[in-house]
Amino acid sequence: MRTPVRPAGRTLATIACAAIALLAAAGDASAAAPRYLALGDSVTFGYQEQNVQPPPTYKRPETLQGYPEHMGAALDLRVANAACPGESSASFIDPTAQSFGCENYPGAPNVGYRRFYPLHVSYKGSQLAYATSFLKQHPRTRLVSLMIGANDLFICQATTSHACTSQAEREAVLTKVTKNVRRIVSAIRNKAGYDGQLVIVHYFSLDYSSPQVNATVRALNAAQDAGAKGFRFDVANGFEQFRRGSAKAGGSPCRAGLLTQLKGGGCGVHPSYAGQGLLALAVERPFSR
């Protein structure tokens, strides 16, 4: 049995305390807390793998805390976290489209997180339909964040002939992400008539010592930005936030304690409590301007 990976030195404790302290310092409590609509996939949702210790309680979504919940608690925001684990940029728009575990799974059309477990907020239909309806009802929402597209790459790996290793396959999926993000952001700005702050949240690398992994994540983040171009948005640089947090651990978010720690050793691909704190800091920076 492998020894579980532990944070390097005091990195985990330092990061977690710093994230919470900085966010709390930025908070400004008010009588009527402003609203925050968080959109995205498992990272935004706060999902943790089944073999994380202690094991997650999927039937109680309030126990799964993503960066929106960190933001809400520290900055006195009323959070509506509509994210769904496994959501793709296509299923975000159309719930019958291919997802990577939200509505369905490649090769398993009847397997999806929403079919078995509750989300943070309850809604029927697509996440985009919920978002537009929410913003029409709450036009003075202070912040909307969007983080989507990682599952498009996982679907590509699972369904293409070269497992998304060819340039043509990667370019095709990134083009699709850009197209879908444009549709999502256009609906938020035009159909919902939302004129407030929109933040695109950048994904982090799982290994900052790997040029290939970093290039893929940067390309995905660029695809998100390209889709939002022209719709007035800010960027939450989760990529750089994790890079700095991993620097003293040789560029490994796992060893830095920023990823979920798995039973038996190693890490998952989702942020730990400390990692979610860093993503919250990344969102807080443009939010506070």
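Here, every reference points to the structure presented above.
Residues numbered from 1 in each chain as written. Predicted model: local features only at pLDDT ≥ 70, side-chain atom pairs only at ≥ 80, totals over all residues. Heavy atoms only, no water.

Student: What is the right way to look at the overall build of the chain in this model?
Tutor: Each helix and strand counted, the chain has eleven helices and seven strands in total. By residue count, 54% of the 289 residues in the chain fall in the buried class. Intrachain contacts of the chain at a sequence separation of at least 6 include 71% that bridge at least 24 residues. When the accessible surface of the chain is split by element, carbon and sulfur atoms take 54% of a total near 13200 Å². (Helix = DSSP H or I, 4+ residues; strand = E, 2+ residues; numbered from the N terminus. Buried < 20%, exposed > 50% of the residue type's maximum accessible area, 1.4 Å probe, protein only. Contact = heavy atoms within 4.5 Å. Areas by Shrake-Rupley, 256 points an atom, 1.4 Å probe, with all protein chains shown as cover.)

Student: Help me understand the packing of aromatic side chains, please; the structure alone is not making it clear to me.
Tutor: By convention here, two paired aromatic rings are described through the distance between centres and the angle between planes. Counting across every chain of the model gives twelve aromatic pairs. Between the aromatic rings of F45 and Y113, the centroid separation amounts to 5.6 Å while the plane-to-plane angle is 70 degrees, which identifies the pairing as edge-to-face. Note that F45 is positioned in helix α2 (residues 42-45) and Y113 in helix α5 (residues 113-116), a separation of 68 residues in sequence. In textbook terms, an aromatic cluster arises when at least three aromatic residues are bridged by ring pairs, as seen for F45, Y47, Y58, Y113 and Y117. (Phe/Tyr/Trp six-rings, centres within 6.5 Å; stacked < 30°, edge-to-face > 60°.)

Student: How should I be thinking about the layout of surface pockets in this particular structure?
Tutor: Rolled over the atoms, a probe with the dimensions of a water molecule shows which regions are left empty. In this model, the largest pocket occupies a volume close to 980 Å³. Elements with a minimum of two residues in the lining of the largest pocket: α2, α5, α7 (150-159), α9 (211-228) and β7 (267-271). Its residues assigned to classes, the lining of the largest pocket comprises 22 nonpolar, twelve polar and three charged. (1 Å grid on protein atoms, 1.4 Å probe; cavity = no way out; pocket = protein on both sides within 12 Å on 5 of 7 lines; lining within 4 Å. Points joined across faces, edges and corners; volume = space filled by probe spheres on them. Nonpolar A, V, L, I, M, F, W, Y, C, P; charged D, E, K, R; others polar.)

Student: Is there a simple way to explain unusual backbone geometry in this structure?
Tutor: For residues besides glycine, phi is generally negative; the peptide bonds are generally trans as well. Cis peptide bonds are those with omega within 30 degrees of zero, and the linkage from Q53 to P54 qualifies with -5 degrees. One non-glycine residue, C164, lies in positive phi territory at about 65 degrees. Along the chain, the position of C164 falls in the loop between α7 and α8 (167-191).

Student: Hey, could you run me through the state of the cysteines in this one?
Tutor: When the sulfur atoms of two cysteines share a covalent bond, that bond is a disulfide. Inspection of every chain in the model, using the stated rule, returns three disulfides. The disulfide partner of C84 is C102, and the gap between their sulfur atoms is 2.1 Å. Its S-S torsion of about 110 degrees marks the bond between C84 and C102 as right-handed, since a negative value means left-handed. Of this pair, C84 sits in the loop between β2 (78-81) and α4 (89-93) while C102 sits in the loop between α4 and α5, placing them 18 residues apart in sequence. For the pair formed by C84 and C102, the shared burial category is buried. At a sulfur-sulfur separation of 2.1 Å, the disulfide partner of C254 is C267. (Disulfide = S-S within 2.5 Å.)

Student: What's the story with the environment of Y208 in this structure? I'm lost.
Tutor: As for its position among the elements, Y208 is in the loop between β4 (197-201) and α9. Beyond its immediate chain neighbours, meaning those up to four positions away, Y208 contacts N214, G238, F239, F242, R243, S246, G251 and P253. From its side chain, Y208 meets the backbone oxygen of F239 in a polar contact 2.6 Å long. (Polar contact = N/O pair within 3.5 Å; in protein donor to acceptor, adjacent residues only side chain to side chain.)

Student: How should the side chain of Q197 be read in this particular structure?
Tutor: Along the chain, Q197 falls in strand β4. Accessibility expressed as a relative area gives 13% for Q197, which makes it buried.

Student: Explanation requested: the sheet that holds β2 in the structure shown.
Tutor: Sheet strands associate in pairs through backbone hydrogen bonding, adopting either a parallel or an antiparallel arrangement. Across the sheet, five strands lie side by side as β2-β1-β3-β4-β5; this open sheet has parallel pairing. In this open sheet, the two strands that pair with only one neighbour each are β2 and β5 (234-236). The mean inter-strand angle of the sheet, taken between neighbouring strand axes irrespective of direction, is 25 degrees. Pairing of strand β1 (residues 35-40) with strand β3 (residues 143-147) involves five bridges; the strand directions are parallel. Counterpart to G40 in the pairing with β3 is M147. Relative to β1, helix α6 (residues 127-137) is tilted by about 165 degrees, and along the sheet it contacts β1, β2 and β3. Lying on the sheet, helix α11 (residues 273-287) is in contact with β1, β3, β4 and β5; it crosses β5 at an angle near 155 degrees. (Pairing = 2+ DSSP bridges. Axes fitted to C-alpha atoms, helices over the stretch in contact; angles between N-to-C directions.)

Student: Mind showing me how you'd approach α6 here?
Tutor: Residues spaced three or four apart along an α-helix face the same direction, because each turn holds 3.6 residues. Q127, L128, Y130, A131, T132, F134 and L135 are the residues of α6 that are buried. Buried positions along α6 lie against β1, β2, α4, β3 and α8.

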